[in-house]
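Observations on the three-dimensional arrangement
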Number of protein chains: 2
Amino acid sequence: MSTSFALDHDVTRWGAAPSGGGLDQRARDFLDQHVGAATPPVDEPAWDDVRVPPGRLSAESVGTLAAIVGSGALKVDDASRRRHAGGLSYLDLLARRRDEITAPDAVVFPRTAAQVAAVLAWCETNDVAVLAFGGGTSVVGGLRTEGVPKSSISLDMSRMADLIDVDAESHLARVGPGMTGPDLERLLAPRGFTLGHYPQSWHRASIGGYAATRSAGQASTGYGRSDDMIESLEVVTPRGTIRVGRVAASAAGPDLRALFVGSEGAFGVITEVTLRIRSVPAARSYTAVMFPDYESGVQAFRQLAQQRVAADVMRLSDPQETAVTMAMSGPGGRGGEILDRYLRARRATDPSLAILGWEGSRASVVLRRLEGLSVLRRNRGISLGPTVGDAWLRHRFDGPFLRDDLLDAGYLVETLETATHWSRVADLRTNVSAALADTLSTSGRAYVMSHLSHVYETGASLYFTVVAVQDARPGEQWRLAKAAATEVIVDHGATITHHHGVGRDHAPWLPAEIGTEGVGILAAVKHHLDPQGILNPGVLGLD
Amino acid sequence: MSTSFALDHDVTRWGAAPSGGGLDQRARDFLDQHVGAATPPVDEPAWDDVRVPPGRLSAESVGTLAAIVGSGALKVDDASRRRHAGGLSYLDLLARRRDEITAPDAVVFPRTAAQVAAVLAWCETNDVAVLAFGGGTSVVGGLRTEGVPKSSISLDMSRMADLIDVDAESHLARVGPGMTGPDLERLLAPRGFTLGHYPQSWHRASIGGYAATRSAGQASTGYGRSDDMIESLEVVTPRGTIRVGRVAASAAGPDLRALFVGSEGAFGVITEVTLRIRSVPAARSYTAVMFPDYESGVQAFRQLAQQRVAADVMRLSDPQETAVTMAMSGPGGRGGEILDRYLRARRATDPSLAILGWEGSRASVVLRRLEGLSVLRRNRGISLGPTVGDAWLRHRFDGPFLRDDLLDAGYLVETLETATHWSRVADLRTNVSAALADTLSTSGRAYVMSHLSHVYETGASLYFTVVAVQDARPGEQWRLAKAAATEVIVDHGATITHHHGVGRDHAPWLPAEIGTEGVGILAAVKHHLDPQGILNPGVLGLD
């Protein structure tokens, strides 16, 4: 048990859960009953002892780079390099715990777009790879230097984190890419604005990272994905600096914003983001609704989306995720009794819990909630009132924090996500769940659960979480399960990723998604903007 | 007076206005008073007499192409080539009336994507340009062969116009690119669906054309732009066939849909479109609202968008457009009296008329209308009731049809459009209007009017219409005015086109919009997909 990992909460662990969670007795009981006992790993190195391979940049190179950004803004010490080694996927966490990391050869902290351009120019001349680093929260291997065949630097954007300008009339904010979500909300709140983007990695992820990965947040059904929020981007490429996006909508040729949103650092370094912001909602209402079966819930969510009365937050847990939620934080007392009676009365063998949240003006929340709840009721949903909804709101960032505890206890825990059309949701859920459960059964039982969220008129995303007992080769164990699930996703015509991105982990399946012709287009753009191939080589399958 | 143009309503003219409009006495009075008398042009050729340059394809070439698509599906006669010469901009119409057209050397009507691929392969080998032709409604020179330095064929997609499949559960329709809006609505209606896309060119424009040009329609504030409606596209390129877009939202790298939507035939030929469709609304409510001044109307529209209670159709006429509307179809009788009293009471020197339309479930229309009207009232808007709203709905496709009558009478008439942020709307309108009025004053007074529509949270589009007396060189007269207006637009940081597209006419200003770096990216994609440069050379400034 490497409690010493806690020494750098900032990196390998997410730190103690903000709501004070952790593996409490209820969680341990649930795991014992549904997954089985795991053996805590031994001999994991303390975080400070995780070995970093020797740096490969010459003293002269280090000196030149330091001259560009200032000597305090370049780090080659082990601690800095360790902190920038990889992201936060299960495989990344495992590599640290197994003392098997690779790391960038230096960490550079630019302050201006001009410094970014100068660093890129030097790296191009010297054939050094550049990995732009925002919050370091990639869960798809987007920040791993493993396999990068050249020296590399991590370009840490945390010093470019200003709120540059707010156009209050147009609801626009220009920000530095290194700003985090909490910092932005803190700066916008006194002006009466919010971004409303809440990915689970919210405490750390950066605005530039949102853009680079096409991230979605828990309120994206109402507030939009990062794609929708980006009015314009400034991007520094080896070919020069480009500004894409001018106004919300244009017909001035193809929308080049879409080429850089989701480019994961392979086409350029995002140095400024102009975001659409919203007024802080005057009212919020969160509620939980229980359906007697999953299908009823899916139908209700579909109707809400297609009738354009979707809530701002919409999440439908499948029966497995519902069981976990109810075991951990279901309503006790009177609420719990009513629920039990209801479920018995409906002979609900597959109860499925939904969380819905409305935000906006008081009138808008009241009216939309009214209309929404009537659709839910017509589909046999029963409102549990605000208690469970509020509990979810309080605990909604806990997931990533619990992962460290589960790894400490010897469990495999990871998530994957996809999106598909409504007509395929039920089958896809069944088949992905089965593929994960089957391949993870090597070490005993696996617990697979999912929720449907990010609701669109034509479909929705599915987000799976698995917990299993680690076997002797836990990395390989997950890789096989992930591959099996992804094959099912591809066979169903669903997308290989709804909001996590491609990174290095999804790259083998990108041709199945966009065709070799699609990859060819990306490669042509890459070759044009980055002929030397220095920008995050390997992500999107591009070199 | 070339009444004989009426012989081919289908092409040079839009035909009689569907609502039976035309230049009635009220229109003639308004023109006399506000623009001045024009002299009808003489010696315009009859449509059948407009000269077509000799075709440049050899008999052998024609035979080979005919073998690909079938002999009945290739036309080289003058009438067919004339019908495919250019689009429907003022300059296009003028060229026909001046007997100065260029034309493609043949018109090919493919039936399948495989035939499109074979035609492209032959054209690549033989260095023949390919201009995909949907409804032929480009108003930015997207279909003009003038300046194309090689032989060219028009690829008329009208035989690929099937409704291939409807996924009713997922609200998706797969259609052939050659289908028109009216045909699609006719096929969807019995199934309870609608696309809800109503560009002014609706009677003719094709679905493939919507995608190729990023079109927007009159109800786009509610139903979304064509960009928003496209779930996936199949595109045949000289490099092979690509399918872009899989589900509504994905993070599988950059969204390649956005590279083909708006590509105007320069990257490939769209051979299939999967569209998001909606249930036919159970209720509709259109109303007109009068503001005492333009600024109040802009503020009301901004608040509706930013409070996310926008109507599905939103259009705010400036005082000049309001004057025209009221002169042509304002309320008479009791409604007219009330309005006059209201305007006098408010000392409204700049009355501005808004049209708002809500569509959806009965409950949704009632609730959203209620909330919307309260915002409008708070901004000094007074509802005129449904009369004017319904009149607008009835006449909303008339604009293009009136153009022919105005040209017959010797007037210059054209439109241009842009979009900008809310904080710049008022200045941009003032300055573009002034630039147009100034440059068009060579021939006397010009009447410039505009409306604001296509409302977004961060901004809106502005759509200008000008009427002036033609001077001795009417083409040059318009080119100068358009250039002056576009310079103002660029200087304001607005977009050079919100939904008309770039074509050949806007191409000189595309670098000002997306930078030479942006044009460089488009050129790299073009070179990758179309190394021989056969696809619609000249549009987007690409060869």
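That block above? That's the structure.
Computed from a predicted model, the values in this text were never measured in an experiment.

Focus: the pattern of salt bridges
Taken as a whole and assessed by the stated rule, the structure comprises 58 salt bridges over all chains. Residues A:Asp312 and B:Arg308 are paired through a salt bridge, measuring 2.9 Å at the closest nitrogen-oxygen approach. Of the two residues, A:Asp312 sits in the loop between helix H11 (294-306) and strand S13 (313-317) while B:Arg308 sits in the loop between helix H11 (294-306) and strand S13 (313-317), which places them in two different chains. Here A:Asp312 falls in the buried class, since its relative accessible area comes to 1%. Its salt-bridge partner being B:Arg315, residue B:Glu321 comes within 3.2 Å of it at the nearest N-O pair. Take B:Arg315: its relative accessible area is 18%, and that puts it in the buried class.

Remarks on the relation of the copies chain B and chain A
Aligned on chain A, chain B shows an RMSD of 0.0 Å; the corresponding rotation is 180° and the shift along the axis is 0.0 Å. Considering both components of the superposition, the chain copies are consistent with a two-fold axis. Both copies share a contact surface, since 99% of the interface residues of chain B are interface residues in chain A too.

Some remarks on the interface of chain B and chain A
Tallying the contact residues gives 79 residues for chain B and 78 residues for chain A. The junction of chain B with chain A conceals about 6200 Å² of combined surface from both sides, 57% of it contributed by carbon and sulfur atoms. One can count eight salt bridges joining chain B with chain A. Linking chain B with chain A are 45 residue pairs in polar contact (both at pLDDT 80 or more), by the criterion used here. Counting residues per element, the ones that place at least two in the side of chain B that touches chain A are strand S9 (240-244), helix H10 (257-260), H11, helix H14 (362-378), strand S16 (411-421) and helix H19 (510-529) of chain B. Partitioned by chemical class, the residues of the side of chain B that touches chain A number 32 nonpolar, 26 polar and 21 charged.

As for the packing of H11(A) against helix H14 (residues 362-378) of chain A
Each pair of packed helices can be described by the angle between their axes along with the distance between the axes. Residue and element names in this part refer to chain A. Close contact between H11 and H14 brings their axes to 9 Å; oriented N to C, the two are set at 145°. H14 is crossed by H11, and the crossing has right-handed handedness. From H11, Ala 300, Gln 303 and Leu 304 reach across to H14, where they touch Gly 372, Val 375 and Leu 376. Its residues placed into classes, the contact of H11 with H14 shows four nonpolar, two polar and no charged.

What about the sheet that holds strand S18 (residues 459-469) of chain B?
All names here are of chain B. If you trace the seven strands from one edge of the open sheet to the other, you get S15-S12-S14-S13-S17-S18-S16, paired in antiparallel fashion. Single-partner strands in this sheet number two, and they are strand S15 (382-385) and S16. Taken over all neighbouring pairs, the strand axes of this sheet differ in orientation by 25° on average, direction set aside. Across four bridges, S13 lies against strand S14 (residues 352-360) in antiparallel orientation. Within S14, the position partnered with Met 314 by the bridge is Leu 356.

What counts, and at which threshold
- Residues numbered from 1 in each chain as written.
- Chains lettered and ligands numbered in written order.
- Predicted model: local features only at pLDDT ≥ 70, side-chain atom pairs only at ≥ 80, totals over all residues.
- Heavy atoms only, no water.
- Salt bridge = Lys/Arg side-chain N within 4 Å of Asp/Glu carboxyl O.
- Helix = DSSP H or I, 4+ residues; strand = E, 2+ residues; numbered from the N terminus.
- Buried < 20%, exposed > 50% of the residue type's maximum accessible area, 1.4 Å probe, protein only.
- Least-squares fit on C-alpha atoms with pLDDT ≥ 70 in both.
- Contact = heavy atoms within 4.5 Å.
- Buried area = accessible area lost by both parts, 1.4 Å probe.
- Polar contact = N/O pair within 3.5 Å; in protein donor to acceptor, adjacent residues only side chain to side chain.
- Nonpolar A, V, L, I, M, F, W, Y, C, P; charged D, E, K, R; others polar.
- Axes fitted to C-alpha atoms, helices over the stretch in contact; angles between N-to-C directions.
- Left-handed = near helix turned anticlockwise from the far one by under 90°.
- Pairing = 2+ DSSP bridges.

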